[in-house]
Each structure stands twice: as structure tokens, then as C-alpha cells.
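If you want the building blocks of each chain, they are given just below.
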Amino acid sequence: MITKTIIRKQNTILEILLDEIRSIKNQLGKFLLLIPEESLKKYKNSSQIKKDYLKSIKSFLPK
């Protein structure tokens with residue numbers, strides 16, 4: 001009986017957290033649309049920049 005109550009409380013808390021995370025994800029998506037993306041075409045050595053960027057991503061994986 002007690003475990004049912006605890007599981008229900010945990011489930012409701014998880015549902016609330018999931019809703020909040022979805023809301024934050026939605027707001028972040030809208031925010032990222034406002035940020036302009038920079039183009040590598042403006043740079044002289046764009047191929048080298050891209051190559052170094054890909055190399056650094058492999059070396060230092062994002063967490």
C-alpha cells in the first residue's frame with residue numbers, strides 16, 4: 001500500500017518534470033531561431049576552419 005502511494009507520487013513528479021522540460025525545449029527552439037548563424041564563406045581559409053572544428057569535436061566530445 002505504501003509503495004503504491006510512493007510510486008504514484010514519483011510518477012506525478014516525473015510527469016510534471018517532463019512537461020517542464022518540454023516547455024523549456026520549446027522556448028529554447030524559439031530562442032535559437034533569433035540567433036543568426038555565421039557563414040564560413042566570408043573567411044579565406046574556410047576549409048581549414050571546418051577541418052579543425054571537426055577535429056576538435058572528435059578530440060573533445062561535448063557532454
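Only a predicted model underlies this, so the values are computations on that prediction, with no experimental measurement involved.

### Re the overall build of the protein chain
In step 1: Each helix and strand counted, the protein chain has two helices and zero strands in total.
In step 2: The C-alpha radius of gyration of the protein chain comes to 22 Å, more than 25% above the 11 Å expected for a compact globule of 63 residues.
In step 3: Expressed along its principal axes, the backbone C-alpha trace of the protein chain runs to roughly 70 × 30 × 10 Å.
In step 4: Residues classed as buried in the protein chain amount to 0% of the 63 residues present.

### Let's talk about a nonpolar patch on the surface
In step 1: On the surface, Leu28, Phe31, Leu32, Leu34 and Ile35 cluster together to form a nonpolar patch covering roughly 520 Å² of accessible area.
In step 2: Along the chain, the position of Ile35 falls in the loop between helix H1 (2–34) and helix H2 (46–59).
In step 3: Using a relative accessible area of 40% as the deciding quantity, one classes Ile35 as partly exposed.

About the criteria used
- Residues numbered from 1 in each chain as written.
- Predicted model: local features only at pLDDT ≥ 70, side-chain atom pairs only at ≥ 80, totals over all residues.
- Heavy atoms only, no water.
- Helix = DSSP H or I, 4+ residues; strand = E, 2+ residues; numbered from the N terminus.
- Rg over C-alpha atoms; globule rule 2.2 N^0.38 Å.
- Buried < 20%, exposed > 50% of the residue type's maximum accessible area, 1.4 Å probe, protein only.
- Patch = residues over 30% accessible without salt bridge, like charges linked within 9 Å, V, L, I, M, F, W, Y side chains within 5 Å.
- Areas by Shrake-Rupley, 256 points an atom, 1.4 Å probe, with all protein chains shown as cover.
- Salt bridge = Lys/Arg side-chain N within 4 Å of Asp/Glu carboxyl O.

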